[in-house]
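Coordinate analysis (summary)
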Amino acid sequence: TQLLEQSPQFLSIQEGENLTVYCNSSSVFSSLQWYRQEPGEGPVLLVTVVTGGEVKKLKRLTFQFGDARKDSSLHITAAQPGDTGLYLCAGEDASYDKVIFGPGTSLSVIP
Amino acid sequence: NAGVTQTPKFQVLKTGQSMTLQCAQDMNHNSMYWYRQDPGMGLRLIYYSASEGTTDKGEVPNGYNVSRLNKREFSLRLESAAPSQTSVYFCASSDLLESSYNEQFFGPGTRLTVL
């Protein structure tokens, strides 16, 4: 069974601080996706990483896929209150017909 | 272009009652999914439909049934609701022909409470 773990589970920081959240698995994934979910809404896709070692940037967010394609990190620079939400990583199943979600990191950015 | 829509947004049931959650997408996607989200558990796949006319069990299918009515619509039915089915239910769609990766588009969710 493929499992994804995320750490930390909860994170509360001041506006302007930097942070990194992690997504880890013992399984290799063909791709890994990051989603953000705001309270009362469905998750929204932020990025997909595909190649081992790949780095993608989305404004102040930097996503990295591990060399072995088993783990990923999300780094946020100068966090803003608008970054508050649940960050979910999801690994694409080898059969490509479904993805497996991690439990999420709940981020709160305090003004 | 509404994306993925779900009805109802909220529902309260008594133990043993039945109900159907509706989902529709207007993106012409082939694949559709039903997830439940519980605190600390992430999103767990209940059932999915890789294409019109096919359905498959996910991680937590017990107590649920699904129908892929056509390419647009995918419904989830609880035949005899139990308190353990209290959760937030999300429908999602994706299309591997449109994207090389199984990138999911989610609806706004249905918040279900079973008393």
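See above for the structure.
Small disclaimer: the values here were computed from a predicted structure and weren't measured.

1. Structural notes on the pattern of salt bridges
Residue and element names in this part refer to chain B.
- Tallying each qualifying case throughout the model produces five salt bridges over all chains.
- Between Arg36 and Asp38 there is a salt bridge whose closest N-O contact spans 2.9 Å.
- Relative accessible area serves as the criterion here: at 8%, Arg36 is assigned to the buried category.
- Glu79 serves as the salt-bridge partner of Arg77, at 3.1 Å between the closest nitrogen and oxygen.
- With a relative accessible area of 43%, Glu79 lands in the partly exposed category.
- In this structure, a network of salt bridges that share partners links the residues Arg36, Asp38 and Arg44.

2. What about the pairing of strand β3 (residues 19-24) of chain A?
Residue and element names in this part refer to chain A.
- Of the two faces of β3, only the one carrying Leu19, Val21 and Cys23 is buried; Thr20, Tyr22 and Asn24 on the other face are not.
- Here strand β1 (residues 5-7) pairs with β3 via three bridges, running antiparallel. Residue Glu5 lies in a different strand from β3, and its bridge partner there is Asn24.
- With six bridges connecting them, β3 and strand β8 (residues 71-76) associate as antiparallel partners. Within the sheet, the bridge partner assigned to Thr20 lies in β8 and is His75.

3. Considerations on the interface of chain B and chain A
- Each side of the interface is counted separately: chain B has 20 residues, and chain A has 22 residues.
- The largest share of the area that chain B buries against chain A comes from Leu43, Tyr101 and Asn102 of chain B, three residues that together contribute 28% of it.
- At the surface where chain B touches chain A, the tally comes to zero salt bridges.
- Connecting chain B to chain A are six residue pairs in polar contact (both at pLDDT 80 or more).

Cut-off values and rules
Residues numbered from 1 in each chain as written. Chains lettered and ligands numbered in written order. Predicted model: local features only at pLDDT ≥ 70, side-chain atom pairs only at ≥ 80, totals over all residues. Heavy atoms only, no water. Salt bridge = Lys/Arg side-chain N within 4 Å of Asp/Glu carboxyl O. Buried < 20%, exposed > 50% of the residue type's maximum accessible area, 1.4 Å probe, protein only. Helix = DSSP H or I, 4+ residues; strand = E, 2+ residues; numbered from the N terminus. Pairing = 2+ DSSP bridges. Contact = heavy atoms within 4.5 Å. Buried area = accessible area lost by both parts, 1.4 Å probe. Polar contact = N/O pair within 3.5 Å; in protein donor to acceptor, adjacent residues only side chain to side chain.

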